[in-house]
Amino acid sequence: MKILISADMEGATGVTCPADVLPGGPQWERQRPVFTGDVNAAIAGLFDGGADAVLVNEAHWTMRNLLLERLDERASMLTGRHKELSMMEGVQHGDVDGVVFLGYHAGAGAEGVLAHTYLANSITGVWLDDYPASEGYLNAKVADEFGVPVILVTGDDKTIRDSRWYAPGAVGVAVKDYVSRYAAVCRPPARTAADIRRAAEQAMALAGRRDKAVNGPHRFEVEFDAEHLAGAATVIPGVSQSDERRVAFKAKTMYKGIRCFKAVTTVAAAAVEEEYG
Ligand SMILES: [Zn+2]
């Protein structure tokens with residue numbers, strides 16, 4: 001069985017502040033091997049549990065964070081940007097039997113370490129079919145459309161609580177406990193690695209492709225912290241302003257919807273001014 005790991009960084013072991021996850025700085029360099037350690041622990045557990053192939057899809061920022069030279073040699077890694085399905089790249093080819101959300105985090109505005117949805121600060125809320133949607137929620141709906149179950153989620157305790165909503169059957173591992181958006185009670189990598197490995201082995205019991213399930217059409221609504229970002233996003237065909245700081249659009253499938261959402265975030269990000277937002 002082949003398992004896809006979608007690896008984000010905010011929910012990795014020890015990560016609590018922007019400097020930990022912003023590429024280029026010394027603190028980010030320090031966290032890269034720790035993040036890679038979380039991924040390796042998951043890979044080891046998945047193979048313990050019967051996986052015979054693991055693809056790691058880098059899902060954070062520039063999507064160049066993990067250390068390939070330290071990666072478990074049984075796995076492969078998709079690194080770099082501009083991918084058809086971004087954080088969920090690899091789920092769409094019909095050969096994946098389960099997906100792991102590793103290092104995930106809570107959604108914009110919610111309690112959670114480094115909580116956000118796609119944009120670090122400019123997006124204040126996302127709704128899918130009128131339900132509040134974190135990245136995990138959106139990505140689980142994409143996986144569901146391709147018949148792929150979410151089998152394991154790692155992140156802070158708030159992330160695991162959020163995953164109960166979108167993947168109630170998945171195994172959850174909290175690698176840290178939320179104190180504030182920029183503080184957490186952390187456990188050392190040796191301990192979290194043992195927890196992740198054990199959970200990944202257990203999670204393999206949940207792997208197995210189902211029939212593809214297109215449940216669309218879907219309605220996306222995105223709220224920004226400033227009106228001009230909503231206005232900027234309306235250049236995208238089908239995207240309209242639904243309120244002063246909100247845009248909305250409809251999509252027949254999650255595949256199309258998540259791609260349009262990506263376009264909305266990209267255009268809005270380009271309209272953000274450095275100091276005023
Ligand atoms: Zn991230």
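Values in this document were obtained by computation on a predicted structure and should not be read as measured data.

## Here we look at the sheet that holds strand 2 (residues 53–58)
Sheet strands pair by backbone hydrogen bonding; their relative direction is either parallel or antiparallel. The strand order 3-2-1-4-7-8-9 describes an open sheet built from seven strands, whose pairing is mixed. Both outer strands of the open sheet, strand 3 (76–78) and strand 9 (183–186), are each paired with one neighbouring strand and no more. Averaged over all adjacent pairs, the angle separating strand axes in this sheet is 25°, with direction ignored. Sheet analysis places strand 7 (residues 150–156) next to strand 8 (residues 171–180), joined by five bridges and oriented parallel. Considered in strand 8, the bridge of L152 is made with V171. Here helix 2 (residues 26–48) sits on the sheet and contacts strand 1 (2–7), strand 2, strand 4 (98–104) and strand 7; the angle it forms with strand 1, its principal contact strand, is near 165°.

## Description of the environment of R70
Along the polypeptide, R70 turns up in the loop between strand 2 and strand 3. By relative accessible area, R70 is classed as exposed at 51%. As for R70 and N40, which are separated by 30 residues in sequence, their C-alpha atoms are 8.5 Å apart. Excluding residues within four positions of it along the chain, R70 makes contact with P33, T36 and N40.

## Observations regarding the pairing of strand 4
Strand residues, when the strand is regular, have side chains that alternate between the two faces of the sheet. The buried fraction of strand 4 is high, at seven of seven residues. As paired strands, strand 1 and strand 4 are joined by five bridges and run parallel to one another. Bridge pairing in strand 4 links A7 to L102. With four bridges connecting them, strand 4 and strand 7 associate as parallel partners. Paired with V99 across the strands is V150, a residue of strand 7.

## Quick notes on the coordination of the zinc ion
For a metal bound by four donors in a tetrahedral arrangement, the ideal donor-metal-donor angle is 109.5 degrees, while six donors in an octahedral arrangement ideally sit at 90 or 180 degrees. At the metal site, the zinc ion is ligated by D8 (OD), E10 (OE), E10 (OE) and H60 (ND1), and these contacts range over 2.0 to 2.8 Å. Its four donor atoms give the zinc ion angles of 51 to 140° at the centre, a pattern that matches the irregular case. Coordination of the zinc ion draws on donor residues from a single chain, spaced D-x1-E-x49-H in sequence. A residue pair is termed long-range when its members are at least 10 positions apart, and E10 in the loop between strand 1 and helix 1 (18–21) and H60 in the loop between strand 2 and strand 3 qualify at 50 residues. Accessibility expressed as a relative area gives 6% for E10, which makes it buried.

## Observations concerning the nonpolar core
Residues M88, V91, F101, F224, F261 and V264 are the most contacted members of the largest nonpolar core, which totals 49 residues. A total of six residues in this core trace back to one element, the largest contributor, which is helix 7 (residues 254–270). Residues from two domains meet in this core; each of domain 1 (2–115 + 135–206) and domain 2 (218–276) gives at least three. If near-sequence neighbours (up to four positions away) are discounted, V264 is found in contact with V222, F224, A233, I236, V239, V247 and F249. If you look at the next biggest cluster of nonpolar residues, it comprises 38 residues, including M9, F35, L66 and A203.

## A word on the domain arrangement of the chain
Accessible area lost on assembly of the parts is the figure often given for the size of an interface. Here the chain is partitioned into domain 1 (2–115 + 135–206) and domain 2 (218–276). The gap between the C-alpha centroids of domain 1 and domain 2 is 26 Å. Overall, the association of domain 1 and domain 2 removes approximately 790 Å² of surface from exposure, summing both partners, and the carbon and sulfur fraction of that is 68%. For domain 1, the biggest contributors to the area lost against domain 2 are E84, L138 and E145; these three give 53% of the whole. On the surface where domain 1 and domain 2 come into contact, there are zero salt bridges. At the junction of domain 1 with domain 2, the criterion picks out four residue pairs in polar contact (both at pLDDT 80 or more). Considered class by class, the residues forming the side of domain 1 that touches domain 2 number four nonpolar, two polar and three charged.

Cut-offs applied
Residues numbered from 1 in each chain as written. Predicted model: local features only at pLDDT ≥ 70, side-chain atom pairs only at ≥ 80, totals over all residues. Heavy atoms only, no water. Pairing = 2+ DSSP bridges. Helix = DSSP H or I, 4+ residues; strand = E, 2+ residues; numbered from the N terminus. Axes fitted to C-alpha atoms, helices over the stretch in contact; angles between N-to-C directions. Contact = heavy atoms within 4.5 Å. Buried < 20%, exposed > 50% of the residue type's maximum accessible area, 1.4 Å probe, protein only. Donors = N, O, S within 2.8 Å, 3.2 Å for Na, K, Ca; no water. Tetrahedral: all angles 85-135°; square planar, octahedral: opposite > 155°, others 65-115°. Core = buried A, V, L, I, M, F, W, Y, C linked by side-chain atoms within 4.5 Å. Domains from an automatic or database assignment. Buried area = accessible area lost by both parts, 1.4 Å probe. Salt bridge = Lys/Arg side-chain N within 4 Å of Asp/Glu carboxyl O. Polar contact = N/O pair within 3.5 Å; in protein donor to acceptor, adjacent residues only side chain to side chain. Nonpolar A, V, L, I, M, F, W, Y, C, P; charged D, E, K, R; others polar.

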